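Coordinate analysis (summary)
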Amino acid sequence: MNHLISPSLLSANFANLKQDIDMVNNSQADWFHLDIMDGVFVPNISFGFSIIKQINKYAKKPLDVHLMIVNPDKFIKEFKDVGADILTVHYEACTHLNRTIEAIKANGMKAGVSINPHTPVTVLQDIIEYVDMVLIMSVNPGFGGQKFIGNTYNKISQLKELINKKKSNALIEVDGGVDMSNAKQLIDTGVDVLVAGSFIFNSDNQTNTIAQLKNL
Ligand code: DX5
Ligand code: ZN
């Protein structure tokens, strides 16, 4: 059980967010996963700086911020200022990815890069040694509660191989459709961080669901 659990607040109850933040604080979860969507890079809009700032006030665990936005370079300092600890950008949204990654690190955060389901792992071969984490999307980004895409396992194996070959320290995070039917196999394939939203927040005993994912 060396893997980490990062519950996605996208599926939390925003009318009573403090309760869900406390639940995560008091659970075996390791991070808070925050999904930021701009309605351009993905067909949905989530929440922005003021909400992240409020979450950061009460969260006692690192904020794992997943940017599904175009032009993330414009806002790197702002995300640091509202409390992001890990900032992940999409490969598909960055023309100068190396510059973006360096800017995230220069602002005192861990830098992650995410790839969409159709983007091959091979595009990461010249960036892998500079990133702290790779987030493999196992659904098309934009919404919680979607079905896990099976080809993800192949991508994780390929990524693990690339990480070993390049002697990178990057963690592997998987995001989308994670539940008890795939979590164990994902960990066995090489995943370090499991993101789960609807599986946790729609369950009857959220703390217990987190414990189940943690204690695989
Ligand atoms: C989807 C987001 C995910 C989402 C996962 O675009 O990046 O983090 O919240 O939700 P589930 O676990 O319900 O698939
Ligand atoms: Zn996410």
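See the structure printed just above.
Residues numbered from 1 in each chain as written. Chains lettered and ligands numbered in written order. Predicted model: local features only at pLDDT ≥ 70, side-chain atom pairs only at ≥ 80, totals over all residues. Heavy atoms only, no water.

This next bit is on the site of ligand 1. The immediate surroundings of ligand 1 are formed by 20 residues, with D35, G142, D175, G197 and S198 found nearest. In this structure, S8 approaches ligand 1 through a side-chain N or O atom, which is 2.8 Å from an oxygen atom. The fraction of the free accessible surface of ligand 1 (380 Å²) that becomes covered by protein chains is 100%. Among the elements of the structure, β2 (32-37), β3 (63-68) and β8 (193-196) are those that each provide at least two residues to the shell around ligand 1. Per-element tally for the shell around ligand 1: the top contributor is β2, with three residues. Among the residues forming the shell around ligand 1, the class breakdown is eight nonpolar, 10 polar and two charged. (Near = heavy atom within 4 Å. Polar contact = N/O pair within 3.5 Å; in protein donor to acceptor, adjacent residues only side chain to side chain. Areas by Shrake-Rupley, 256 points an atom, 1.4 Å probe, with all protein chains shown as cover. Helix = DSSP H or I, 4+ residues; strand = E, 2+ residues; numbered from the N terminus. Nonpolar A, V, L, I, M, F, W, Y, C, P; charged D, E, K, R; others polar.)

The next subject is the side chain of D35. Looking at where D35 falls in the secondary structure, it is placed in strand β2. No salt bridge forms around the buried D35; measuring N to O, its nearest opposite-charge neighbour K155 is 16 Å away. Leave out the neighbours within four places in its chain, and D35 touches S8, L10, S46, F47, H66, M68 and D175. (Buried < 20%, exposed > 50% of the residue type's maximum accessible area, 1.4 Å probe, protein only. Lys, Arg positive; Asp, Glu negative; His and termini not counted. Salt bridge = Lys/Arg side-chain N within 4 Å of Asp/Glu carboxyl O. Contact = heavy atoms within 4.5 Å.)

So, on to the layout of surface pockets. Approximately 290 Å³ is the volume attributed to the largest pocket. Lining the largest pocket are 27 residues; nearest its centre among them are G144, G145, D175, G176 and G177. Listing elements by their share of the lining of the largest pocket, those giving two or more residues are β2, β8 and α7 (198-201). (1 Å grid on protein atoms, 1.4 Å probe; cavity = no way out; pocket = protein on both sides within 12 Å on 5 of 7 lines; lining within 4 Å. Points joined across faces, edges and corners; volume = space filled by probe spheres on them.)

In terms of burial, strand β4 (residues 86-90) is a largely internal element, five of the five residues being buried. Going residue by residue along β4, you find I86, T88 and H90 tucked away on one face and L87 and V89 tucked away on the opposite face as well. Sheet analysis places β3 next to β4, joined by three bridges and oriented parallel. Across the sheet, residue D64 finds its bridge partner in β4, namely I86. Once the chain exits β3 it traverses helix α3 (residues 76-81) before rejoining the sheet at β4, and the crossover so formed is right-handed. One ladder, built from five bridges, connects β4 with strand β5 (residues 110-115); its direction is parallel. (Pairing = 2+ DSSP bridges. Right-handed = clockwise from strand over helix to strand, strands pointing away.)

Moving on, we come to the coordination of the zinc ion (ligand 2). Within the protein, H33 (NE2), D35 (OD), H66 (ND1) and D175 (OD) serve as the donor atoms for the zinc ion (ligand 2), at 2.0 to 2.3 Å. What the six donor atoms of the zinc ion (ligand 2) show is an angle range of 70 to 168° at the metal, which sorts the shape as octahedral. (Donors = N, O, S within 2.8 Å, 3.2 Å for Na, K, Ca; no water. Tetrahedral: all angles 85-135°; square planar, octahedral: opposite > 155°, others 65-115°.)

Before going further, it helps to examine helix α4 (residues 97-106). Among all positions of α4, only L97, T100, I101 and I104 are buried. All buried residues of α4 fall inside an arc of 100° around its axis, so they share one side. Facing away from the buried side of α4 by more than 90 degrees, the exposed set consists of R99 and A106. Here the buried face of α4 lies against α3, β4 and β5. Where α4 terminates, the next one or two residues include G108, which has phi positive at roughly 80°. (Arc of directions from axis to C-beta.)

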